Structure formats: C-alpha cells, structure tokens
Amino acid sequence: MKRVISCLSVLALAAVVCVSAVAQDDAPAKKKKGKGGGGNSIVAQIMKSLEAAKLTDDQEAKIKELGAAVQEQIKALSTEGLTPELTKKRAEALKAAREAGKKGKDLAAAANEGFSEAEKTVLTKSNEITTKFRKQVLALLTDEQKQALPEAVVRTLAGPEQGKGKGKKKAE
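Draft legend 1. Expanded view of the overall build of the protein. Along its length, the protein carries 8 helices and 0 strands. When the helices and strands of the protein are placed in sequence order, the string is α-α-α-α-α-α-α-α. Counting all 172 residues of the protein, 36% fall into the buried class. Look at the contacts in the protein between residues 6 or more apart in sequence, and 74% of them connect residues 24 or more apart. Counting every atom, the protein has about 10700 Å² of accessible surface; 52% of that belongs to carbon and sulfur.

This is the structure in structure tokens:
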C-alpha cells in the first residue's frame, strides 16, 4: 500500500515537473530568473531540494547535464501529445482523488479516469524519464550527503521501487 502511495506521489510530482518543463520551453527567454535560468525546471527544483547536501561543483555540473538531457526528452514527448494542459489535468485529477479520500489502487484508478490510452502512455513515459533522472541524481550523492537531506527528499529521489522486497512473501 505504501509503495502504491509512494508511486503515485512520484507520478504527481513528475506531472507537475513536466508541466513546468514543457511550459518553460514555451516561455520567452526574458522571463528566466536567477542564476540557473528556468526557475521552475526540474533541475532547479532538484537543486533546491538538495541544498542541505552541499553539492560539489562536479556534482552540480553533472546534475545540470543530466537535467538538460531530461528536458530534451520531455520536450520530445510533446510530439506524442504531452502538453502542459495534459499534465495539469492529471495533477488536478490526482489532487481531487486524494481529497476524496482515495488511496492506493483506487487513487491511481481515479486519477487515470477520463484519459485516453494515448494520454496515459505519454504521461507514463514522462514519469519514467523523470523517475530515472531522480535516481541518477541520488546515485551521485555520497552517504553523508544523503543523511544531510530530509527523508522525504531521499524517498522522492529513490522513486517508487524503494520499498520492493518488503511485505508479504508470495506463496511458492
């Protein structure tokens, strides 16, 4: 149950990130803020969440490099139908389902209602890309840096598979 909730949390976060990543590419260049450019990009969000880890310059450079590749992949999904409106609609559906008290499989089913198979497919691809990026970022951190981060940040970076292997064993 916790794994499903974690997975859905990652999916919701990924949907929000995708909206900002796609929207950022469509925004005029003059709207960029701060030293990193796109204030809402996935890289900026990750970097902000990792402030407590005190990243090295090499780690920051590698995260930015990985992030640029992720944003290109997300941008490429726009040709398959990924739009800011679609990711916003998915995030709103997930929020409404949570507020209605849905959890686990019921939450996932409610959040996916009203989407075509093509839309579900492109949202899944987007989530897979961002989840892979988060895991790559986590792999760059030392054990000391991971311990310096809030547990919620580490769980988010670890992705939905973090709890695999725990729980009931299958009958053989």
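Draft legend 2. Quick peek at the nonpolar core. In this structure, Ile46, Leu50, Ile63, Phe133 and Leu157 are the most contacted members of the largest nonpolar core, which totals 26 residues. Among the secondary structure elements, those contributing two or more residues to this core are α2 (42-49), α3 (57-77), α6 (117-140) and α8 (151-158). Per-element accounting of this core gives the leading share, 6 residues, to α6. Excluding its chain neighbours within four sequence positions, the residues that come into contact with Ile46 are Ile63, Phe133, Arg134, Val137 and Leu157. One finds Leu94, Ala97, Leu107 and Ala111 within the second-largest nonpolar core, a separate group that totals 5 residues.

Draft legend 3. Layout of the confidence of the model for the protein. Confidence in the prediction for the protein averages 76 pLDDT; 69% of positions are at 70 or higher. No element of the protein has a lower mean pLDDT than helix α1 (residues 2-26), at 50, and none a higher one than α3, at 92. For the stretch residues 162-167, pLDDT sits under 50, and the model shows 2 contacts to residues farther than four places along the chain or on other chains.

Draft legend 4. Summary view of α3. Compared with an ideal rise of 1.5 Å per residue, which puts 21 residues at 30 Å, α3 spans 30 Å between its outermost C-alpha atoms and is within 8% of the ideal. Those residues of α3 that sit buried are Gln59, Ile63, Leu66, Gly67, Val70, Gln71, Ile74 and Leu77. Down the axis of α3, the smallest arc covering the buried residues is 150°, so these residues share one side. The outward face of α3, more than 90 degrees from its buried face, is lined by the exposed residues Asp57, Asp58, Glu65 and Glu72.

Draft legend 5. Just the packing of α2 against α6, in detail. Orientation of α2 relative to α6, taken along the N-to-C sense of each, is 35°, at an axis distance of 12 Å. Note on packing geometry: the crossing formed by α2 with α6 is right-handed. Residue-level inspection shows Ile42, Val43 and Ile46 of α2 in contact with α6, the latter providing Thr130, Phe133, Arg134 and Val137. Looking at the contact of α2 with α6 residue by residue, the classes come out as 5 nonpolar, 1 polar and 1 charged.

How each quantity is defined
- Residues numbered from 1 in each chain as written.
- Predicted model: local features only at pLDDT ≥ 70, side-chain atom pairs only at ≥ 80, totals over all residues.
- Heavy atoms only, no water.
- Helix = DSSP H or I, 4+ residues; strand = E, 2+ residues; numbered from the N terminus.
- Buried < 20%, exposed > 50% of the residue type's maximum accessible area, 1.4 Å probe, protein only.
- Contact = heavy atoms within 4.5 Å.
- Areas by Shrake-Rupley, 256 points an atom, 1.4 Å probe, with all protein chains shown as cover.
- Core = buried A, V, L, I, M, F, W, Y, C linked by side-chain atoms within 4.5 Å.
- pLDDT = per-residue confidence, 0-100.
- Expected span 1.5 Å × (residues − 1).
- Arc of directions from axis to C-beta.
- Axes fitted to C-alpha atoms, helices over the stretch in contact; angles between N-to-C directions.
- Left-handed = near helix turned anticlockwise from the far one by under 90°.
- Nonpolar A, V, L, I, M, F, W, Y, C, P; charged D, E, K, R; others polar.

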